[in-house]
Amino acid sequence: DRAGAARQCLGPFAIAPLLQEVKPTVLLCDIEGGEDGLFANADLSTIRDMVIELHPAAYGPDGVERIMSGLAVHGLRPDAATASKRNGVLVLSRA
């Protein structure tokens with residue numbers, strides 16, 4: 001762990017209250033298929049970069065589109081260098 005860095009492992013929950021409290025600038029999201037709908041009511045305005053692992057087997061191509069469209073509404077777009085979606089892991093940055 002790096003000095004000043006905080007790590008939280010949580011069970012099922014609504015992420016919006018946590019984001020409001022912590023106001024992170026970077027978000028690492030690897031929740032094994034729980035991404036679909038997770039950010040629907042969340043304020044992502046403090047997020048400048050996000051690393052997210054997508055699990056299309058859990059929610060299909062429509063779910064991937066919902067997730068990506070939802071993040072795009074918040075100004076988060078796939079980084080050109082990682083746009084290949086290698087291993088389902090994407091880096092998104094604020095446009």
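The shown structure was predicted, so the numbers you read here are calculated from the model rather than taken from an experiment.

**Student:** Requested: an account of the confidence of the model for the protein chain, with residues and values cited.
**Tutor:** Looking at the protein chain, the pLDDT average stands at 84 and 83% of residues meet or exceed 70. Summarising per-element confidence for the protein chain, the mean pLDDT is lowest in helix α1 (residues 15-22) (89) and highest in strand β2 (residues 49-53) (93).

**Student:** I'd like a rundown of the pattern of salt bridges, residues and numbers included.
**Tutor:** Taken as a whole and judged by the stated rule, the model has two salt bridges. With a closest N to O distance of 2.5 Å, Arg66 and Asp36 form a salt bridge. Within this pair, whereas Arg66 is found in helix α2 (residues 56-73), its partner Asp36 is found in the loop between β1 (26-29) and β2, the two being separated by 30 residues in sequence. Relative accessible area serves as the criterion here: at 29%, Asp36 is assigned to the partly exposed category. When the shortest N-O distance is used, the salt bridge between Asp49 and Arg48 registers 2.8 Å.

**Student:** I'd love a proper account of the nonpolar core, names of residues and values included.
**Tutor:** With 20 residues, the main nonpolar core has Phe39, Leu44, Met50, Ile52, Leu54, Leu71 and Leu92 as its most contacted residues. Among the secondary structure elements, those contributing two or more residues to this core are α1, β1, β2, α2 and β4 (89-94). No other element matches α2, which puts five residues into this core. In this structure, Leu71 is in contact with Phe39, Leu44, Met50, Ile52, Leu76 and Leu92, ignoring residues within four places of it in sequence.

About the cut-offs
- Residues numbered from 1 in each chain as written.
- Predicted model: local features only at pLDDT ≥ 70, side-chain atom pairs only at ≥ 80, totals over all residues.
- Heavy atoms only, no water.
- pLDDT = per-residue confidence, 0-100.
- Helix = DSSP H or I, 4+ residues; strand = E, 2+ residues; numbered from the N terminus.
- Salt bridge = Lys/Arg side-chain N within 4 Å of Asp/Glu carboxyl O.
- Buried < 20%, exposed > 50% of the residue type's maximum accessible area, 1.4 Å probe, protein only.
- Core = buried A, V, L, I, M, F, W, Y, C linked by side-chain atoms within 4.5 Å.
- Contact = heavy atoms within 4.5 Å.

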